[in-house]
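# Structure at a glance
One letter stands for each residue in the lines below.
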Amino acid sequence: QVQLVESGGGLVQAGGSLRLSCSASGRSFSIGVMGWFRQAPGKQRELVATINSEGATNYADSVKGRFTISRVNAKNTLFLQMSSLKPEDTAVYYCAADRFDRLYYYAMDYWGKGTPVTVSS
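As a starting point, this report considers the structure included with it. (Residues numbered from 1 in each chain as written. Predicted model: local features only at pLDDT ≥ 70, side-chain atom pairs only at ≥ 80, totals over all residues. Heavy atoms only, no water.)

## Some words on unusual backbone geometry
What counts, and what does not: Numbering of helices and strands starts at the N terminus; helices are DSSP runs of H or I of at least 4 residues and strands are runs of E of at least 2. Throughout this description, buried means an accessible area under 20% of the type-specific maximum (1.4 Å probe, protein chains only), exposed means over 50%, and partly exposed covers the range between.
Phi is positive for Asn-76, which is not a glycine, with a value near 50°. Mapped onto the fold, Asn-76 is located in the loop between β7 (67-72) and β8 (77-82). For Asn-76, a relative accessible area of 26% puts it in the partly exposed group. We note that Ser-84 has phi near 50°; this positive angle belongs to a residue other than glycine. For Ser-84, a relative accessible area of 42% corresponds to the partly exposed category.

## Notes on the side chain of Asn-52
Convention followed: Here a polar contact is taken to be a pair of N or O atoms separated by no more than 3.5 Å, where protein atoms must pair a possible hydrogen donor with a possible acceptor and residues adjacent in sequence count only if both atoms sit in side chains. Residue contacts are defined here by distance: any two heavy atoms, one from each residue, within 4.5 Å place the two residues in contact.
Within the secondary structure layout, Asn-52 lies in the loop between β5 (46-51) and β6 (57-59). Here Ala-56 takes part through its backbone nitrogen, which lies 2.9 Å from a polar atom of the side chain of Asn-52. Those residues in contact with Asn-52 that sit more than four places away from it in its chain are Val-33, Arg-71, Asp-101 and Leu-103.

## Focus: the environment of Val-48
Tracing the backbone through its elements, the reader meets Val-48 in strand β5. Sequence separation between Val-48 and Leu-80 is 32 residues, and the spatial gap between their C-alpha atoms is 9.4 Å. Residue contacts for Val-48: discarding those within four places in its chain leaves Trp-36, Phe-37, Arg-38, Asn-58, Tyr-59, Ala-60, Val-63, Phe-67, Leu-80 and Tyr-93.

## Describing the packing of aromatic side chains
Where we set the bar: In this analysis, rings of Phe, Tyr and Trp, with Trp reduced to its six-membered ring, are considered paired at centre separations within 6.5 Å, and the interplanar angle assigns stacked below 30 degrees, edge-to-face beyond 60, and tilted for intermediate values. For a lysine, the NZ atom is tested; for an arginine, the CZ atom; a charge sits over a ring if that atom is within 6 Å of the ring centre and within 35 degrees of the ring normal.
Under the criterion given, the structure shown has 2 aromatic pairs. Ring centres of Phe-37 and Tyr-106 lie 6.2 Å apart, and the angle between their planes is 75°; on these two criteria the pair is classed as edge-to-face. Remark: Tyr-106 occurs in the loop between β9 (91-97) and β10 (110-111) and Phe-37 occurs in strand β4 (residues 34-39); sequence separation between them is 69 residues. Here Tyr-106 falls in the partly exposed class, since its relative accessible area comes to 34%. Over the ring of Phe-79 we find Arg-19; its NZ or CZ atom is 4.0 Å from the centre of that ring. The side chain of Arg-45 reaches across the aromatic face of Tyr-94, ending 5.9 Å from its centre.

## Notes on the side chain of Thr-77
Tracing the backbone through its elements, the reader meets Thr-77 in strand β8. Residue class for Thr-77 comes out buried when judged on its relative accessible area of 15%. Dropping the residues within four chain positions of it, Thr-77 is found in contact with Cys-22, Ser-70, Arg-71 and Val-72.

Structure representation (structure tokens):
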């Protein structure tokens, strides 16, 4: 099993920045692709970005150019740098990971409990 714990969420004004972190523990050596997803109130969970073990990335159109996903494999840590935040970015952000290293695969094996991000206008 793999445990994922997110941190870094909070309240920020529109136009501001925030950095999310996710720490993996347990059988973290089995992790391939990692990603961030988000769920806004009353909406379905959606992709934010994924990154494979070689550093290739994939972003949702809504965050391209504003968000940057990165990982440090040696430390089993995932990051999401969010800039130029908009009120519509308000959501609970979830860290996720999968055994396979497929960049465009979103049915992840492992999920964190989420960290809330609120962007005020």
